[in-house]
Amino acid sequence: MILALNGSSVDGSAYTDVVNLAQHAPAWLDDAVSAWSTYGLAVFAVLMAVGWWRARRVDAAASVTALAVPFTVVVAFGVDAALKLLVREDRPCQSLRVATLEACPAPGDWSFPSNHAAIAATAAVALLFVSRRLGALAVAAACAMAVSRVWVGAHYPHDVLAGVVVGALVALLVMSALRRRAEGTALRLAAGRLRPLLVVS
């Protein structure tokens, strides 16, 4: 048997309140939140693609910055996954035995921090380095993703908060470091076969 932490003492009552609210909410609302919770990350992929497409019309350095966003998301996912293995917190639906909109994951599918929240927050903060408009849209979408993960019963509030913090910090560190090297990297890449990815001919 794998020893795991029980996070219900942190904000279990707040989690239960949200889950109970979801159980009494209109079916259309629950369906919409569940769909967003499950498929909403695809929206961030679209925003990243749009950011890159627009950046190509600016200059090569802007394109390099835009292309770094998905890389940054992968880094944040790795950090988040490592923290999950380190902390090993049981899902709230296992610890509290409550009815949830999303099926309760099997034991060993750890809860802290939230992968969805981390990915969404990373994409949102990283996109702010590409476009303030796209970044602002992504920030709103990331907040909705974090809330949805509690609503469907997949995470405690502290799980999604931690995921947002992890994602935002990784994005700030990686994108800030890259911005200082974007010009040089762009010059090297634009001189080779990758030029079509960076600028509009």
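Owing to the predicted nature of the structure, the values given are computational and were not obtained by experimental measurement.

*Asks:* How would you explain helix H4 (residues 60–87) if you had to name every residue and give the values?
*Replies:* Helix length check: H4 (28 residues) gives 41 Å between terminal C-alpha atoms against 40 Å at 1.5 Å per residue, within 8%. Roughly 30° is the biggest bend found in H4, and it falls at Val-69, with proline Pro-70 one to four residues downstream. Note on H4: the residue one or two positions beyond its end, Arg-88, has a positive phi of about 55°.

*Asks:* Describe the pattern of salt bridges, and please don't skip the residues or the numbers.
*Replies:* Enumeration according to the criterion identifies two salt bridges in this entry. For the salt bridge of Arg-91 with Asp-109, the shortest nitrogen-to-oxygen distance reads 2.9 Å. Here the residue Arg-91 occupies a position in the loop between H4 and helix H5 (92–95), and Asp-109 occupies one in the loop between H5 and helix H6 (115–128), the gap between them amounting to 18 residues. With a relative accessible area of 37%, Asp-109 lands in the partly exposed category.

*Asks:* Before we move on, could you go through unusual backbone geometry and cite the residues and values that matter?
*Replies:* Only a minority of non-glycine residues have a phi that is not negative, and only a minority of peptide bonds are not trans. The omega torsion of the bond from Phe-112 to Pro-113 falls at -10°, within 30 degrees of zero and hence cis. Relative to the assigned elements, Pro-113 resides in the loop between H5 and H6. Even without being a glycine, Arg-88 presents a positive backbone phi close to 55°. Its location among the elements puts Arg-88 in the loop between H4 and H5. Even without being a glycine, Arg-97 presents a positive backbone phi close to 55°. Mapped onto the fold, Arg-97 is located in the loop between H5 and H6.

Each value, and the rule that gives it
Residues numbered from 1 in each chain as written. Predicted model: local features only at pLDDT ≥ 70, side-chain atom pairs only at ≥ 80, totals over all residues. Heavy atoms only, no water. Helix = DSSP H or I, 4+ residues; strand = E, 2+ residues; numbered from the N terminus. Expected span 1.5 Å × (residues − 1). Bend = angle between axes of the 7 residues up to and from the residue. Salt bridge = Lys/Arg side-chain N within 4 Å of Asp/Glu carboxyl O. Buried < 20%, exposed > 50% of the residue type's maximum accessible area, 1.4 Å probe, protein only.

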